[in-house]
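Here are the chains, one letter per residue:
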Amino acid sequence: NAGVTQTPKFQVLKTGQSMTLQCAQDMNHNSMYWYRQDPGMGLRLIYYSASEGTTDKGEVPNGYNVSRLNKREFSLRLESAAPSQTSVYFCASSTQGWRGEQYFGPGTRLTVT
Amino acid sequence: AQSVTQPDIHITVSEGASLELRCNYSYGATPYLFWYVQSPGQGLQLLLKYFSGDTLVQGIKGFEAEFKRSQSSFNLRKPSVHWSDAAEYFCAVSGFGNEKLTFGTGTRLTIIP
């Protein structure tokens, strides 16, 4: 039981490049989330998926897109990376939506130059 | 919308000393309250949560938190800290109306011998 896995662990992009962050969970959770973590700002919600087939914007969705590929996988895409997207990205999942414990992946550290 | 304030950015305590981390929330109805811990380079892990009932909740690793509605607070405590407790701690709130989870900005805990 691996929990929540994220790939890659580290990534450096040049401004304007695109990339997809992958996330998968093996706990049969309905809900999945993408957060970014910046110093002094805590975690901010980018997008979430309450259940397979649905996605919704969070607090900071601009510049990102998501795909809930199936119940296990939830990917985050940066179409044209900007230095402001330099951050640590966390994927999480839960079985009870916003009321339940969220299980976090180990994170992806992204640098955009 | 709900909000969370963690007034202490950084706290240093001696190993074996007691610990209290402060959390104040703003929410108009019954909150769901959480404390998460993040060890360096890791994702977040749930320490404890409060939904209803007994206002003193016990969590993992010897932590406890007390919900005080009159003070809009949910402070985290531990009677005797260990060097392994050095980490960043996040308070978070969601709501009975299925509001999204909102995180505080975190408190970094340093343990000195």
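The preceding data block contains the structure.
This section reports on the structure supplied with the text. (Residues numbered from 1 in each chain as written. Chains lettered and ligands numbered in written order. Predicted model: local features only at pLDDT ≥ 70, side-chain atom pairs only at ≥ 80, totals over all residues. Heavy atoms only, no water.)

1. Here we look at the side chain of Asn75 of chain B
Residue and element names in this part refer to chain B.
Next up, step 1: One can find Asn75 in strand S9 (residues 73–78).
Next up, step 2: On the basis of relative accessibility, which here comes to 15%, the residue Asn75 falls in the buried class.
Next up, step 3: In this view, Asn75 contacts Glu20, Leu21, Arg22, Cys23, Trp35, Glu64, Ala65 and Glu66; residues no more than four positions away in its chain are not counted. (Helix = DSSP H or I, 4+ residues; strand = E, 2+ residues; numbered from the N terminus. Buried < 20%, exposed > 50% of the residue type's maximum accessible area, 1.4 Å probe, protein only. Contact = heavy atoms within 4.5 Å.)

2. Details of the nonpolar core
Next up, step 1: Ranked by size, the top nonpolar core spans 27 residues in total, and within it Leu19, Trp35, Leu47, Leu48, Phe74, Leu76 and Tyr89 of chain B carry the most contacts.
Next up, step 2: Listing elements by their share of this core, those giving two or more residues are strand S2 (10–14), strand S3 (19–21), strand S5 (31–38), strand S6 (44–50), strand S8 (64–68), S9, strand S10 (87–95) and strand S12 (107–112) of chain B.
Next up, step 3: Ranked by residue count, the leading element in this core is S10 of chain B, at four residues.
Next up, step 4: Beyond its immediate chain neighbours, meaning those up to four positions away, Leu76 of chain B contacts Leu19, Glu20, Leu21, Trp35, Leu47, Leu48, Phe63, Glu64, Ala65 and Tyr89 of chain B.
Next up, step 5: The next biggest cluster of nonpolar side chains, apart from the first, holds 20 residues, and it includes Tyr47, Val66, Leu78 and Tyr89 of chain A. (Core = buried A, V, L, I, M, F, W, Y, C linked by side-chain atoms within 4.5 Å.)

3. Regarding the packing of aromatic side chains
Next up, step 1: With the rule as written, the count across this model stands at 17 aromatic pairs over all chains.
Next up, step 2: Of the aromatic side chains, those joined through ring pairs into one cluster are Tyr33, Tyr35, Tyr48, Phe90, Trp98 and Phe104 of chain A together with Tyr32, Phe34, Tyr36, Phe51 and Phe103 of chain B. (Phe/Tyr/Trp six-rings, centres within 6.5 Å; stacked < 30°, edge-to-face > 60°.)

4. Things to note about the interface of chain A and chain B
When the parts of a complex come together, some accessible area is lost, and that lost area is often used as the size of the interface.
Next up, step 1: Each partner contributes to the interface: chain A provides 19 residues, whereas chain B provides 22 residues.
Next up, step 2: Summing the contributions of chain A and of chain B, the shared interface buries around 1,600 Å²; its carbon and sulfur component is 57%.
Next up, step 3: A per-residue breakdown of the area chain A buries against chain B is headed by Leu43, Trp98 and Arg99 of chain A, which together make up 42% of the total.
Next up, step 4: The tally of links between chain A and chain B comes to zero salt bridges.
Next up, step 5: On inspection of chain A and its partner chain B, the count reaches three residue pairs in polar contact (both at pLDDT 80 or more).
Next up, step 6: Elements supplying a minimum of two residues to the side of chain A that touches chain B: strand S4 (31–37) and strand S5 (43–49) of chain A.
Next up, step 7: For the side of chain A that touches chain B, the element with the most residues is S5 of chain A, which contributes three residues.
Next up, step 8: Across the side of chain A that touches chain B, the residue classes tally to nine nonpolar, seven polar and three charged. (Buried area = accessible area lost by both parts, 1.4 Å probe. Salt bridge = Lys/Arg side-chain N within 4 Å of Asp/Glu carboxyl O. Polar contact = N/O pair within 3.5 Å; in protein donor to acceptor, adjacent residues only side chain to side chain. Nonpolar A, V, L, I, M, F, W, Y, C, P; charged D, E, K, R; others polar.)

5. Comments concerning the sheet that holds strand S1 (residues 4–7) of chain A
All names here are of chain A.
Next up, step 1: With respect to topology, four strands assemble into an open sheet ordered S1-S3-S8-S7, the strand pairing being antiparallel. Each having just a single partner strand, S1 and strand S7 (64–68) make up the two edges of the open sheet. Within the sheet, the average angular offset between the axes of one strand and its neighbour, ignoring direction, is 15 degrees.
Next up, step 2: Looking at chain direction, S1 and strand S3 (residues 19–25) are connected through four bridges and run antiparallel. Of the residues in S3, the one forming a bridge with Val4 is Gln25. (Pairing = 2+ DSSP bridges. Axes fitted to C-alpha atoms, helices over the stretch in contact; angles between N-to-C directions.)

6. So, unusual backbone geometry
Next up, step 1: With omega at -5 degrees, the peptide bond leading from Thr7 of chain A into Pro8 of chain A counts as cis.
Next up, step 2: Relative to the helices and strands, Pro8 of chain A resides in the loop between S1 and strand S2 (10–13).
Next up, step 3: Backbone geometry places Ser72 of chain B, a non-glycine residue, at a positive phi of 50 degrees.

7. Structural notes on the pattern of salt bridges
Side-chain pairs of opposite charge can arise where the charged atoms are in close proximity.
Next up, step 1: The final tally for this structure, using the stated rule, is seven salt bridges over all chains.
Next up, step 2: In this structure, the salt-bridge partner of Arg44 of chain A is Asp38 of chain A, at a minimum N-O distance of 2.8 Å. Residues Arg44 of chain A and Asp38 of chain A agree in their burial class; the two are buried.
Next up, step 3: We note a salt bridge from Lys78 of chain B to Asp85 of chain B, for which the minimum N-O separation is 2.8 Å.
Next up, step 4: The network of salt bridges with common partners includes Arg36, Asp38 and Arg44 of chain A.

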